[in-house]
Amino acid sequence: MARVLITGSSQGLGLMTAELLAAQGHSLVLHARSEHRAAETRSALPAADAVVVGDLSTIEGTRSVAEQANRAGPFDAVIHNAGVGYREQHTVTADGLSHVFATNVLAPYLLTALITAPGRLVYLSSGMHQGGSADLTDPQWEHRRWQSAQAYSDSKLFDVLLAFAVARRWPAVRSNALEPGWVPTRMGGPGAPDDMDLAHVTQAWLAVSDDPAADVSGSYFYHQQLRQPAPASRDTARQEALLDYCAALSGTRLPAGA
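For clarity, every value in this text was computed on a predicted model and none was experimentally measured.

## Let's talk about the packing of aromatic side chains
Okay, step 1: Tallied over the full model, the rule gives 5 aromatic pairs.
Okay, step 2: Residues Phe101 and Tyr245 carry aromatic rings whose centres are separated by 5.7 Å and whose planes lie at 80 degrees to one another, so their mutual orientation is edge-to-face. One end of the pair, Phe101, is in helix H4 (residues 99-114); the other, Tyr245, is in helix H7 (residues 236-250), with 144 residues separating them in the sequence.
Okay, step 3: A network of ring pairs unites the aromatic residues Phe101, Phe158 and Tyr245 as a single cluster.
Okay, step 4: Sitting above the plane of the Phe164 ring, Arg234 keeps its charged end 3.9 Å from the centroid.

Now the structure itself:
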């Protein structure tokens, strides 16, 4: 059985993924943003070994989560599930960053850089990444009028770039991205049309399955099937630019090949 860390697992798809993996007998460490959420998470899934706590919209909070995770690890897989959605107001974090970029992009980058490399890394993206831009001219929306859906789409494209960059740089680690579908979670909204029963299956499968189809790296999935990601995600120059940008923001570079 595998030991798995799931970020953003106090509710929604993260908790659903944890419940599925727990039912399969895997060992789980969950994550919640606050102590209050952590208590709710422990109550929701008592089978979890531990809950790490920290606000992933801040660099300090993300570093704290990484430290707690390393004490609770090592892990066979880390699922980067935490994120904010496409209807967010523009707010700036304590680090002076757009909270969408900070939570959806910088946090998984920094956790990847700081947590002892697992065997598998799984990054949640979205079908909206197809409309995203990988342009790093103004990723913090300091010089443009805020467009929440575009900021979200950009962040989900950056997540695919990150997954593929890690796959290329760390050949010993299986690193993949996926879209769970537009499902009626709190983030997706009540009118979302996709199948909620399938939304959490692919990330669990990529994290632990012995299925040869899951034994890959640098791929993009939807409902356990390969799907073509946005062409920009395969651009190694854009991948490297994102890694350099996140390293400059966080003061932490992605380690050499795991």
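## Comments concerning the pattern of salt bridges
Okay, step 1: Under the counting rule described, the total for this entry stands at 9 salt bridges.
Okay, step 2: Put simply, Arg144 and Asp138 hold a salt bridge, and the shortest N to O gap is 3.2 Å.
Okay, step 3: A salt bridge links Arg253 to Asp244, with the nearest nitrogen and oxygen atoms 2.7 Å apart.
Okay, step 4: Owing to a relative accessible area of 53%, Arg253 belongs among the exposed residues under this scheme.
Okay, step 5: Taken together, the shared-partner salt bridges in this structure form one network comprising Arg168, Arg169 and Glu240.

Definitions and cut-offs
- Residues numbered from 1 in each chain as written.
- Predicted model: local features only at pLDDT ≥ 70, side-chain atom pairs only at ≥ 80, totals over all residues.
- Heavy atoms only, no water.
- Phe/Tyr/Trp six-rings, centres within 6.5 Å; stacked < 30°, edge-to-face > 60°.
- Helix = DSSP H or I, 4+ residues; strand = E, 2+ residues; numbered from the N terminus.
- Lys NZ or Arg CZ within 6 Å of the ring centre and 35° of its normal.
- Salt bridge = Lys/Arg side-chain N within 4 Å of Asp/Glu carboxyl O.
- Buried < 20%, exposed > 50% of the residue type's maximum accessible area, 1.4 Å probe, protein only.

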